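Fold and geometry: a report
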Amino acid sequence: MSVVAETVLTYLPPKRKTTPSGWLSFNAPCCHHNGHSADTRGRGGLITNPDGGVSFHCFNCGFKASWQPGRNFSHKMRRLLQWTGAPDDIINKVALEVMRENEGVEAREVIAQLPTFNTVPLPEDAIKITEAVDPGPHLIKVLEYMASRNLQLDDTDYYWSPSLGYRDRLIIPFYFEGRVVGWTGRSIVPDKKPKYLTEVQPGYVYGLDEQRHNKLFAILCEGQLDAIHIEGCALGGSEISDQQAMLLDRLQKEIIVVPDRDKSGSKLVERAIELGWSVSLPDWPKDINDIGDAVARYGRLYTLHSIAVHATESPLKIRLKAKKWFD
Ligand SMILES: [Zn+2]
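Now for a description of the structure that goes with this document. (Residues numbered from 1 in each chain as written. Predicted model: local features only at pLDDT ≥ 70, side-chain atom pairs only at ≥ 80, totals over all residues. Heavy atoms only, no water.)

Glancing now at the pattern of salt bridges. Applying the stated rule across the entire model yields 10 salt bridges. Here E210 and R212 are joined by a salt bridge, their closest N and O atoms 3.2 Å apart. A relative accessible area of 47% means that R212 is categorised as partly exposed. A salt bridge links K215 to E231; the shortest N-O distance between them is 3.5 Å. Note that K215 is positioned in the loop between β10 (196–199) and β11 (217–221) and E231 in the loop between α5 (224–229) and β12 (233–234), a separation of 16 residues in sequence. A residue is classified by how much of its surface remains accessible, and K215, at 21% relative accessible area, is partly exposed. A single network of salt bridges, built from pairs that share partners, joins D242, R271 and E274. (Salt bridge = Lys/Arg side-chain N within 4 Å of Asp/Glu carboxyl O. Buried < 20%, exposed > 50% of the residue type's maximum accessible area, 1.4 Å probe, protein only. Helix = DSSP H or I, 4+ residues; strand = E, 2+ residues; numbered from the N terminus.)

Here it is, written out as structure tokens:
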């Protein structure tokens, strides 16, 4: 038996029945996490396959999770184990074991394809805004801009540079595993071109370092400032490259895509469906075009909440909702 099947069986509720077709049935642990009332009628079903694979299906709330040898350990399997009460360190061990077993075949290929990022310098003379001793008129304008966009000094390490070309910009470093591997400088002067001066390496995803272990999902949006508001990730555009997808899948979390409300956003939705990710299109009024707008109107907490509750991975539901959302 595989380590995955063994672990799942260990933590399932002890009261189980076996059906003639080989399914174990028991009270499903998923339902109240999915907005349904708890199962008391044994509507959770689990079957193990001779090859070590395992499938779970809930006939109460519809939650499904499965694993087959050679495949990745999905965020749904992780969740199922968490809901059955398996401790996180056990789950992490299982996930690691799966990685190791796959190593000979897939994992080595994946690791070989994973992008690597060089450390790069920030623009010349850039200083952390919190360490500026004597903020002159330019930096004061930057601080005013931050306040107007609901950005807070402790969100991330915001930088500013007095050098020409940068002094009217808010500089956001791009971190990867704690190193600066790029940055963007957002103009604070309306209509100033270019709006962003950016140094970015191919395949980069903003905010990966913030997606810590205890988070169940990672919100993925287009712009870095939007990502900062909700501690999410940003593509830095409306397309998802294969390398970006790989880095995000490696988080082993549910990825919730929140597109901007424009034409490229609707393409992004199709790409998310293709990748098997969730999409969230909250019931925000039409004049709210992105997360930044929502935060300005409702604040960060409510915005985050409305993204989480409107997330779905059903392609049908996503497309129905997208029709209205992008209308
Ligand atoms: Zn259920």
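So, next bit.
The topology assignment puts V279 in strand β14 (residues 278–280). Setting aside chain neighbours within four positions, we find V279 in contact with I256, V257, P259, V269, A272, H310, A311, T312 and I318. (Contact = heavy atoms within 4.5 Å.)

Enumeration according to the criterion identifies 10 aromatic pairs in this entry. Centre to centre, the rings of F174 and Y204 are 5.3 Å apart; their planes meet at 10°, and the pair counts as stacked. Taken as a pair, F174 in strand β8 (residues 169–176) and Y204 in the loop between β10 and β11 lie far apart in primary sequence, 30 residues in all. Take F174: its relative accessible area is 1%, and that puts it in the buried class. (Phe/Tyr/Trp six-rings, centres within 6.5 Å; stacked < 30°, edge-to-face > 60°.)

The next thing to look at is the sheet that holds strand β13 (residues 254–257). Strands in a sheet are paired, the pairing made by backbone hydrogen bonds, and the direction either parallel or antiparallel. Sheet architecture is open: five strands sit in the order β12-β11-β13-β14-β15, paired in mixed fashion. In the strand order of this sheet, the two ends are held by β12 and β15 (311–312), each with one partner. Two elements, β11 and β12, share two bridges in a ladder whose sense is parallel. Residue pairing in the sheet places L220 in a bridge with C233 of β12. (Pairing = 2+ DSSP bridges.)

This part is about the coordination of the zinc ion. On the protein side, the zinc ion has C30 (SG), C31 (SG), C58 (SG) and C61 (SG) as donor atoms, found 2.3 to 2.4 Å from it. One can describe the donor arrangement at the zinc ion as tetrahedral, given that its four donor atoms subtend angles of 100 to 122° at the metal. Considered as a linear motif, the donors of the zinc ion on their single chain read C-C-x26-C-x2-C. With a gap of 27 residues between them, C31 in the loop between β2 (24–26) and β3 (44–48) and C58 in strand β4 (residues 54–58) connect regions that are remote in the sequence. For C31, a relative accessible area of 1% corresponds to the buried category. Its relative accessible area of 1% is what places C58 among the buried residues. (Donors = N, O, S within 2.8 Å, 3.2 Å for Na, K, Ca; no water. Tetrahedral: all angles 85-135°; square planar, octahedral: opposite > 155°, others 65-115°.)

What follows concerns helix α2 (residues 75–83). Judged by how many residues are buried, α2 sits mostly within the fold: seven of nine residues are covered. Along α2, the positions that sit buried rather than exposed are H75, M77, R78, R79, L80, L81 and W83. Immediately beyond the C-terminal end of α2, within one or two residues, lies G85, with a positive phi of roughly 95°.

Here we take up the sheet that holds β4. In space, the five strands of this open sheet follow the order β1-β2-β3-β4-β5, with antiparallel pairing throughout. Bordering the open sheet on either side are β1 (17–18) and β5 (64–67), each of which pairs with just one other strand. Bridge analysis of β4 against β5 gives four bridges, and the strand direction is antiparallel. Among the inter-strand pairings, V54 is bridged to a residue of β5, identified as W67. Running over the sheet, helix α1 (residues 3–11) touches β2, β3, β4 and β5 and is turned about 145° from β3. Lying on the sheet, α2 is in contact with β4 and β5; it crosses β5 at an angle near 110°. (Axes fitted to C-alpha atoms, helices over the stretch in contact; angles between N-to-C directions.)

What follows deals with the pairing of β13. Every second residue of β13 is oriented toward a common face, with E254 and I256 on one face and I255 and V257 on the other, all of them buried. Sheet topology note: the β11/β13 ladder contains four bridges and is parallel. By the bridge assignment, A218 is partnered in β13 with I255. Viewed along the sheet, the connection from β13 through helix α7 (residues 263–274) into β14 turns out right-handed. (Right-handed = clockwise from strand over helix to strand, strands pointing away.)

Helix α10 (residues 315–325) packs onto α7 with a crossing angle of 175° between their chain directions and a minimal axis gap of 11 Å. Considering the angle they form, α7 stands roughly antiparallel to α10. Here V269, E270 and I273 of α7 lie close against α10, whose contacting residues are P315, I318 and R319. (Parallel < 35°, antiparallel > 145°, perpendicular 65-115°, else oblique.)

Right, let's get into the nonpolar core. Counting residues in hydrophobic clusters, the biggest one holds 56 residues, and the most contacted among them are L220 and W277. Excluding anything up to four places from it in sequence, L220 contacts V205, C233, A234, L235, I240, L248, I255, I256, V257, V258 and W277. The next biggest cluster of nonpolar side chains, apart from the first, holds 28 residues, and it includes F26, W67, F73 and V94. (Core = buried A, V, L, I, M, F, W, Y, C linked by side-chain atoms within 4.5 Å.)

Function cannot be inferred from these measures alone, as they are strictly geometric.
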